[in-house]
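Below are the chains, spelled out letter by letter.
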Amino acid sequence: DQVGRLRADKSAPLYVQLQQLIRDAIGEQVLDQGDAIPPERDLAVEYDVSRITVRKAISGLVEEGLLSRRRGAGTFVVGRVEKSFSKLSSFTEDMAARGRVASSSWISRAAGQVSPEEAMALGLSPGAPVLRFARIRYADEVPMALEFSTIAGYCLASVDAVDNSLYAALEKAGTRPVRALQRLRAVPFTGEHAKMLGVDPGHAGLLIERRAFLRDGRPAEVTRSYYRGDAYDFVAELSDI
Ligand code: 16G
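Quantities reported herein were computed from a predicted structural model and do not represent experimental measurements.

(A) Molecular detail of the overall build of the protein. Of the regular secondary structure elements, the protein holds eight helices and ten strands. Each principal axis of the C-alpha atoms in the protein carries an extent, and together these give about 70 × 45 × 30 Å. Classification of the 241 residues of the protein by burial places 43% in the buried group. By element, 52% of the accessible surface of the protein is carried by carbon and sulfur atoms, the whole surface being about 13,200 Å². One way to put it: in the protein the 32 positive side-chain charges average out to a point 4 Å from where the 32 negative ones average out.

Printed below as a string of structure tokens:
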């Protein structure tokens, strides 16, 4: 049995063994995404270890991003979020498709003029008006990504048009993009970005830059999304039919 397993193996510290049991339970889907793990004291009794050992094991898994603590509610299985490449979808839609609730907090939003870099990325003329949005994106209240979006001025009346979902606002305005190019790059999180996502500086990140276009070919957005490397999987379907 489980308890026997934990006691028999002397090669690793108890908390590491307990972490492995929890990882296995998630891998074998005994514990599923969104499930609460048993309270500390129950785990301590069940595996005949101290609560300190349990706490240490859980803290490590929280740090890895596999579990998340919700104040007053307990500790839950985060699971990784998978994103398919082929469909041009929004963060809100991606999360909903996985049974998770997307939310955001604003870092900033403002109207301005296109920067040289944005003009190059979007193919806009110098001086063109743009709207900029910077957000922390959450899945079930777990921080998943930082997003910096620049939207061509003709797409939206003002920054206030965006509530939770940028694409919902664009859809309403009749300017939802229909085609996009994406570029991926591995990046370690810098101090400031790490802090906003609640990870350590140097934590593995995945930068995805999306340039998206309207049906008539005009540029709509350039967005840089910094995803937590431990929480986000990108999956591509390839075919040669
Ligand atoms: C996704 C897009 C981002 C878009 C956002 C809109 C990627 C890599 N990026 O995060 O370009 O601006 O969705 O999401 O998928 P929203 O409608 O939830 O605000």
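There is more to say, and it comes next.
(B) Summary view of helix H3 (residues 40–47). Looking at H3, one finds that the buried residues are Leu43, Ala44 and Tyr47. For H3, the arc enclosing every buried residue in end-on projection is 100°, short of the 170-degree limit, so these residues lie on one face. Of the exposed residues in H3, those oriented more than 90 degrees away from the buried face are Arg41 and Val45. Backbone geometry just after H3 places aspartate 48 at a positive phi near 55°.

(C) Structural view of the nonpolar core. By size, the foremost hydrophobic cluster in this structure holds 24 residues, and its most contacted members are Leu124, Phe133, Ile151, Cys155, Leu156, Leu166 and Leu170. Going through the elements one at a time, helix H6 (116–122), strand S5 (129–139), strand S6 (142–152), helix H7 (166–172) and strand S9 (219–228) are the ones with two or more residues in this core. Per-element tally for this core: the top contributor is H7, with four residues. Ignoring anything within four residues of it in the chain, the contact list for cysteine 155 reads Leu170, Ala173, Thr175, Leu214 and Ala220.

(D) Up close: the domain arrangement of the protein. Each assigned domain of the protein is listed here: domain 1 (2–77) and domain 2 (81–235). For domain 1 and domain 2, the distance between their C-alpha centres works out to 34 Å. Each side of the interface is counted separately: domain 1 has six residues, and domain 2 has six residues. Summing the contributions of domain 1 and of domain 2, the shared interface buries around 450 Å²; its carbon and sulfur component is 39%. At the surface where domain 1 touches domain 2, the tally comes to zero salt bridges. Joining domain 1 to domain 2, the criterion identifies zero residue pairs in polar contact (both at pLDDT 80 or more). For the side of domain 1 that touches domain 2, the secondary-structure elements that each account for two or more residues are helix H4 (51–64) and strand S1 (67–70). Classifying every residue of the side of domain 1 that touches domain 2 gives no nonpolar, three polar and three charged.

(E) Focus on H4. Taking 1.5 Å of rise per residue, 14 residues should cover 20 Å, and H4 covers 20 Å from first to last C-alpha, within 8% of that figure. If you check which residues of H4 are buried, you get Thr53, Val54, Ala57, Ile58 and Leu61. Each buried residue of H4 sits inside an arc of 125° when the element is viewed along its axis, so together they form one side. Turned more than 90 degrees away from the buried face of H4 sit Ile52 and Glu63, all of them exposed.

(F) Structural context of the packing of H3 against H4. The contact between H3 and H4 brings their axes to 9 Å, and the two run at 115°. Accordingly, the angle class assigned to the pair H3 and H4 is roughly perpendicular. Note on packing geometry: the crossing formed by H3 with H4 is right-handed. Where H3 approaches H4, its residues Glu40, Arg41, Leu43 and Ala44 are matched on the opposing element by Arg51, Val54, Arg55 and Ile58. Classifying every residue of the contact of H3 with H4 gives four nonpolar, no polar and four charged.

Thresholds applied
Here, residues in each chain are numbered from 1, in the same order as that chain's written sequence. Given that this is a predicted model, residues contribute local features only at a pLDDT of at least 70 and side-chain atom pairs are listed and counted only at 80 or more, while totals for whole chains, interfaces and linings are drawn from all residues. Hydrogens are left out, water is left out, and the side-chain values use all remaining heavy atoms of the structure. What counts as a helix is a DSSP run of H or I of at least four residues, what counts as a strand is a run of E of at least two, and both are numbered from the N terminus. Burial classes follow relative accessibility: with a 1.4 Å probe on protein chains only, a residue under 20% of its type's maximum area counts as buried, one over 50% as exposed, and anything between as partly exposed. Accessibility throughout is a Shrake-Rupley quantity obtained with a 1.4 Å probe, and a residue counts as covered only by protein chains that appear here. Only four residue types enter the tally: Lys and Arg on the positive side, Asp and Glu on the negative side; His and the chain ends are excluded. Lysine's charge is taken at NZ, arginine's at CZ, aspartate's at CG and glutamate's at CD. The reported arc concerns the directions from the helix axis to the C-beta atoms and nothing else. For the purposes of this section, nonpolar cores are sets of buried Ala, Val, Leu, Ile, Met, Phe, Trp, Tyr and Cys residues that join through side-chain atoms within 4.5 Å. Contacts are assigned to residue pairs that have any heavy atoms within 4.5 Å of one another. Domain segmentation is taken from an automatic or database assignment of domains. Here's the idea: put two parts together, see how much 1.4 Å probe accessible area each one loses, and the total over both is what we call buried area. One side-chain nitrogen of Lys or Arg within 4 Å of one carboxyl oxygen of Asp or Glu is enough to make a salt bridge. The term polar contact refers here to a pair of N or O atoms within 3.5 Å; inside protein, the definition further demands a hydrogen-donor-capable atom paired with an acceptor-capable atom, and it admits residues adjacent in sequence only when both atoms are side-chain atoms. For this classification, the nonpolar set comprises Ala, Val, Leu, Ile, Met, Phe, Trp, Tyr, Cys and Pro, the charged set comprises Asp, Glu, Lys and Arg, and every other residue, Gly included, is treated as polar. To estimate the expected span of a helix, count its residues, drop one, and scale the result by 1.5 Å. Between the N-to-C directions of two axes lies an angle of 0 to 180 degrees, each axis being a line fitted to C-alpha atoms and, for a helix, fitted only over the stretch in contact. Should an angle lie under 35 degrees it is considered roughly parallel, over 145 roughly antiparallel, and from 65 to 115 roughly perpendicular; all remaining angles are considered oblique. Two helices cross in a left-handed way if the nearer one is turned anticlockwise from the farther one by less than a right angle. They cross in a right-handed way if the turn is clockwise.

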